Amino acid sequence: MLAAFTIETDSTLSEDTEKHLAEMDGRYRGLLEAAPDAMVVVNQSGEIVILNLQAERRFGYRRDELLGQKVTNIIPEGFAERLHADGLRSAEDALAQQIDTGIELTGRRKDGSTFPIEIMLSPLESAEGTLVTAAVRDISRRREADHHLAQMEGRYRGLLEAAPDAMVVVNQSGEIVILNLQAEKRFGYRRDELLGQLVTNIIPEGFAERLHADGLRSAEDALAQQIETGIELTGKRKDGSAFPIEIMLSPLESAEGTLVTAAIRDISVRKDAEMHLLQKVEELHHSNEELEQFAYLASHDLQEPLRMVTSYTQLLARRYKGRLDTDADEFIAFAVDGAARMQRLIQDLLAYSRVGAKQFVPLATESGDCLRQALQNLHGSIEESGAVVTHDALPEVLCDDSQLVQLFQNLVGNAIKYQNAGIPRVHVSAERAGRKKWLFSIQDNGLGIEPQYFERIFGMFQRLHKREEFAGTGVGLAICKKIVERHGGSISVESESGQGSIFRFTLAGMD
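These numbers come from a predicted model, not from an experiment. (Residues numbered from 1 in each chain as written. Predicted model: local features only at pLDDT ≥ 70, side-chain atom pairs only at ≥ 80, totals over all residues. Heavy atoms only, no water.)

Colleague: Please clarify how the overall build of the protein should be interpreted in this entry.
Modeller: Within the protein, the secondary structure is distributed over 16 helices and 17 strands. Evaluated residue by residue, the protein yields a buried proportion of 35% over its 511 residues. The contacts in the protein between residues at least 6 apart in sequence include a share of 53% that link residues at least 24 apart. For the protein, the computed accessible surface area is about 30,200 Å², with 53% contributed by carbon and sulfur atoms. (Helix = DSSP H or I, 4+ residues; strand = E, 2+ residues; numbered from the N terminus. Buried < 20%, exposed > 50% of the residue type's maximum accessible area, 1.4 Å probe, protein only. Contact = heavy atoms within 4.5 Å. Areas by Shrake-Rupley, 256 points an atom, 1.4 Å probe, with all protein chains shown as cover.)

What follows is the structure, encoded as structure tokens:
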């Protein structure tokens, strides 16, 4: 009975083991079939002993067409060689160097077409010895992506090299990771001398500080305030010489984090031109000051002899009018008119010179009082023309009162003078143009001005009409412009031919 029991027990164990092995085999085959990659198991002779459905699909064979066949039928180069190496090592030794290493090879389908694959090898111990399980992945799309990426990188590098400016890419540690040929030329270094080096070697001050600010902000926060902003700094060449540069920064996202691309332009020529221009402006300013001083002195010194000429010619005209022949009366009249015009010109030149020569401290001034004084000075012209001059309540401003009187007198005087046959109508008003500024307007119904002359009329000796039509020296509006600009304001005109004009100027107001 014991022996029978023993035999029955052994039989039961054998059945359980076989059942367990069958279950394990089923699970293994299930996992193999469910794998997303093509799975191929190869023995030490290089023959395929197991494969899954994905392997059939990838290579275009039926399973029975591959089982027992050489793996070189579907992976013609590299796979077997890597397993067996050069014959000096065992399959196990060769395999030991491949495990968990992605191997890129070429697969061949049943129709003869090839495609790139990546193989991951792992050992599989069995009764037949060590087998090799190969997970085979089609990497056609990845290769295409890599190719596209390589093309894009090539284009980027091509654009980088073709850029007219020096281009330097810097990481968050301030190290140069990319640069172009222009950067080599500008700074006098070879490329390998700059790659991996700190950007402070070529831009010693300002660049790194602007990126990292004062340590209270991250590089990204500091960079955000610099993007698309031209930064003027100083570059340093390999020989130690310095030169002015302008940098335009832009962020570049990468696997290493946010990099900074810096377009660096040598602005030596521009700086030299700016310096030359500043010198010319200074020379011109100095010449203008000398000219104004000369005009002032000459005009001042000419007043006395001209006053005598004017007085005597007027005396001749009064005393001998009608007592001499017609030609003599005409000649004397010409002399009187010429002396009067010369006197007006000298007075205008003196007025223009005084604006620049006189140092003044702007004081609180009632502009309404200045306008009334100007109208009193123009009393004769207003009476003669029948002009109607009106004004709104005018504000208190900061200015020199005598110059504001001159300003009103010139502008209102012109509005009365340059008229058609009708009655001159002039209106003076002011409105706020900011918390501390007033905009004055002098509007008339006169001849108007063509747009092409809007800027020209504020120059010296600029006249739009013949002297026979309207008397004047062409200096009045130049005086107005100088007065306004001396007070930190601006003057302009809005006009249409035949429809009158509006002259506007700004002055500083009281709080």
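Colleague: Just to check I follow, could you spell out helix H13 (residues 367-377) for this structure?
Modeller: Because each turn of an α-helix spans 3.6 residues, side chains separated by three or four positions end up pointing in the same direction. Listing the buried residues of H13 in full gives Ser 367, Gly 368, Cys 370, Leu 371, Ala 374 and Leu 375. Viewed along the axis of H13, the buried residues span an arc of 160 degrees, placing them on a single side of the element. (Arc of directions from axis to C-beta.)

Colleague: Hey, could you run me through the sheet that holds strand S12 (residues 388-391) in this one?
Modeller: Picture the strands of a sheet paired through backbone hydrogen bonds; they go either parallel or antiparallel. Judged by pairing direction, the sheet is mixed, and its 5 strands sit side by side in the order S12-S14-S15-S17-S16 without closing on themselves. The outermost strands of the open sheet, each flanked by one partner alone, are S12 and strand S16 (491-495). With strand direction ignored, the average angle separating the axes of adjacent strands in the sheet is 20 degrees. Note: S12 against strand S14 (residues 425-432), 4 bridges, orientation parallel. In the strand pairing of S14, Thr 390 is matched with His 427. (Pairing = 2+ DSSP bridges. Axes fitted to C-alpha atoms, helices over the stretch in contact; angles between N-to-C directions.)

Colleague: Any chance you could explain the sheet that holds strand S5 (residues 129-138) here in plain terms?
Modeller: Taken in spatial order, the 5 strands line up as S2-S1-S5-S4-S3 in an open sheet, and their pairing is antiparallel. Strands at the two margins of the open sheet, each flanked by one partner only, are strand S2 (48-51) and strand S3 (102-108). Adjacent strand axes in the sheet meet at a mean angle of 35 degrees when their direction is disregarded. Where strand S4 (residues 114-126) and S5 come together, 10 bridges link them in antiparallel fashion. Among the inter-strand pairings, Ile 117 is bridged to a residue of S5, identified as Asp 138.

Colleague: Please explain the pairing of S4 as it appears in this structure.
Modeller: As a general feature of sheets, a regular strand has side chains that alternate between the two faces. One ladder, built from 7 bridges, connects S3 with S4; its direction is antiparallel. Across the sheet, the residue bridging to Arg 108 is Thr 114, located in S4. With antiparallel pairing between neighbouring strands as the criterion, S3 and S4 make up a hairpin whose turn holds 5 residues, including Gly 112 at a positive phi of roughly 95 degrees. Counted along the chain from S4 to the antiparallel partner S5, the turn is 2 residues long.

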